[in-house]
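Chains, contacts and geometry: an overview
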Amino acid sequence: AQSVTQLDSQVPVFEEAPVELRCNYSSSVSVYLFWYVQYPNQGLQLLLKYLSGSTLVKGINGFEAEFNKSQTSFHLRKPSVHISDTAEYFCAVSDLRGGATNKLIFGTGTLLAVQP
Amino acid sequence: DSGVTQTPKHLITATGQRVTLRCSPRSGDLSVYWYQQSLDQGLQFLIQYYNGEERAKGNILERFSAQQFPDLHSELNLSSLELGDSALYFCASSSSGRTTDTQYFGPGTRLTVL
């Protein structure tokens with residue numbers, strides 16, 4: 001079965017510092033990978049997605065992620081964070097086993113806490 | 001604003017009751033998904049509809065049911081509610097339901113069962 005592991009439940013970081021949020025997945029088939037962000041009291045917003053092609057994916061708000069097939073990872077990075085980046089970040093895979101369905105399997109989330 | 005609307009925003013009810021959550025997808029989107037976010041289970045896929053027909057089922061309890069209407073809005077019905085059903089319920093929509101589609105999430109309905 002497919003699964004997603006987000007190794008850190010919380011990542012504290014100072015403003016303007018770089019950050020990496022880790023995501024590993026487990027799957028016996030090819031996957032599509034996503035990062036979503038959830039701001040307090042809001043729904044989820046797509047940051048970026050990997051479908052195929054270049055393994056370095058650039059998203060919104062200065063975030064990027066690198067797909068590493070050999071390490072089954074899809075870590076999210078930002079070179080310099082802002083207070084406004086404080087939010088919960090979810091890594092997800094698209095379950096491709098079911099054919100035409102597009103259900104997402106989410107990790108447990110990482111709370112990015114940016115401190116001044 | 002994702003363009004996906006959900007009502008109500010908050011719902012407080014008692015055990016044993018039945019509630020209906022409503023979702024309107026983005027204009028033009030044919031596929032609707034329901035997810036449950038709870039502290040112990042995290043974010044879990046419940047069910048997907050495409051153009052009125054059920055496309056996929058996840059960890060949805062038998063007490064829960066959903067449907068998508070001809071105008072493409074969807075409703076999630078939760079019955080015989082238990083304390084453990086307290087959670088944030090998200091609806092998402094996508095244009096066609098293909099695996100490459102981006103899912104756009106609504107703001108959620110927070111259900112509290114007392």
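Let me sum up the structure you'll find in this document. These numbers come from a predicted model, not from an experiment. (Residues numbered from 1 in each chain as written. Chains lettered and ligands numbered in written order. Predicted model: local features only at pLDDT ≥ 70, side-chain atom pairs only at ≥ 80, totals over all residues. Heavy atoms only, no water.)

**What to know about the overall build of chain B**
In terms of helices and strands, chain B carries zero helices and eleven strands. A compact globule built from 114 residues should have a C-alpha radius of gyration of about 13 Å, and chain B, at 13 Å, falls within 12% of that. Sequence-distant contacts, at least 24 apart, represent 55% of the contacts inside chain B between residues at least 6 apart. A total accessible area of about 5,400 Å² is found for chain B, and carbon and sulfur atoms account for 46% of it. Here chain B contributes 9 positive and 11 negative side-chain charges, whose respective centroids are spaced 3 Å apart. (Helix = DSSP H or I, 4+ residues; strand = E, 2+ residues; numbered from the N terminus. Rg over C-alpha atoms; globule rule 2.2 N^0.38 Å. Contact = heavy atoms within 4.5 Å. Areas by Shrake-Rupley, 256 points an atom, 1.4 Å probe, with all protein chains shown as cover. Lys, Arg positive; Asp, Glu negative; His and termini not counted. Charge placed at Lys NZ, Arg CZ, Asp CG, Glu CD.)

**Some words on the sheet that holds strand S8 (residues 74–78) of chain B**
Residues and elements named next belong to chain B. Across the sheet, which stays open at both edges, the four strands sit in the order S1-S3-S8-S7 with antiparallel pairing between neighbours. Unpaired on one side and paired on the other, strand S1 (5–7) and strand S7 (64–68) mark the two borders of the sheet. Recorded for the sheet is a direction-independent mean angle of 15° between the axes of neighbouring strands. Pairing geometry for S7 and S8, over five bridges, is antiparallel. (Pairing = 2+ DSSP bridges. Axes fitted to C-alpha atoms, helices over the stretch in contact; angles between N-to-C directions.)

**A look at the nonpolar core**
Residue and element names in this part refer to chain A. Grouped together as the largest cluster of nonpolar side chains are 29 residues, with contacts concentrated most on Trp35, Leu48, Phe74, Leu76 and Tyr89. Those elements that provide at least two residues to this core are strand S2 (10–14), strand S3 (19–21), strand S5 (32–38), strand S6 (44–50), strand S8 (64–68), strand S9 (73–78), strand S10 (87–94) and strand S12 (110–115). In terms of residues, this core owes the most to one element, S10, which gives four residues. Not counting chain neighbours up to four residues away, the residues in contact with Tyr89 comprise Gln6, Leu21, Trp35, Tyr36, Val37, Leu47, Phe63, Leu76, Gly109, Thr110 and Leu112. (Core = buried A, V, L, I, M, F, W, Y, C linked by side-chain atoms within 4.5 Å. Buried < 20%, exposed > 50% of the residue type's maximum accessible area, 1.4 Å probe, protein only.)

**Looking at the pattern of salt bridges**
Pairing is possible between side chains that carry opposite charge, provided their charged atoms lie close to one another. Residues and elements named next belong to chain A. Considering all chains together, one arrives at ten salt bridges over all chains under this definition. Of the charged contacts, one joins Lys58 and Glu64 as a salt bridge, the two residues approaching to 2.7 Å between their closest N and O atoms. The residue Arg77 makes a salt bridge to Glu66 at a minimum N-O spacing of 3.4 Å. Of this pair, Arg77 sits in strand S9 while Glu66 is found in strand S8, placing the two residues eleven residues apart along the sequence. Since its relative accessible area comes to 27%, Arg77 is described here as partly exposed. The network of salt bridges with shared partners includes Glu20, Glu66 and Arg77. (Salt bridge = Lys/Arg side-chain N within 4 Å of Asp/Glu carboxyl O.)

**A few points about unusual backbone geometry**
For the peptide bond that leads from B:Thr7 to B:Pro8, omega is -10°, which places it in the cis range. Looking at the secondary structure, you find B:Pro8 in the loop between S1 and strand S2 (10–13). Residues other than glycine seldom take positive phi values, yet A:Thr72 does so here, at roughly 45°. Phi at B:Ser80 takes a positive value of approximately 45°, unusual for a residue other than glycine. If you trace the backbone, B:Ser80 turns up in the loop between S8 and strand S9 (87–94).

**What about the state of the cysteines?**
Taken as a whole and judged by the stated rule, the model has two disulfides over all chains. Shown here is the disulfide that connects A:Cys23 with A:Cys91, its sulfur atoms set 2.0 Å apart. The sign of the -65° torsion about the S-S bond sets the A:Cys23-A:Cys91 disulfide as left-handed. One end of the pair, A:Cys23, is in the loop between S3 and strand S4 (24–26); the other, A:Cys91, is in strand S10, with 68 residues separating them in the sequence. Each member of the pair A:Cys23 and A:Cys91 is classed as buried. In this model, B:Cys23 is linked to B:Cys91 through a disulfide, with the two sulfur atoms separated by 1.8 Å. Taking the sign of the torsion about the S-S bond as the criterion, the disulfide between B:Cys23 and B:Cys91, at about -50°, is left-handed. Taken together, the residues B:Cys23 in strand S3 (residues 19–24) and B:Cys91 in strand S9 connect sequence positions 68 residues apart. Exposure remark for B:Cys23: the relative accessible area of 0% places this residue in the buried category. (Disulfide = S-S within 2.5 Å.)

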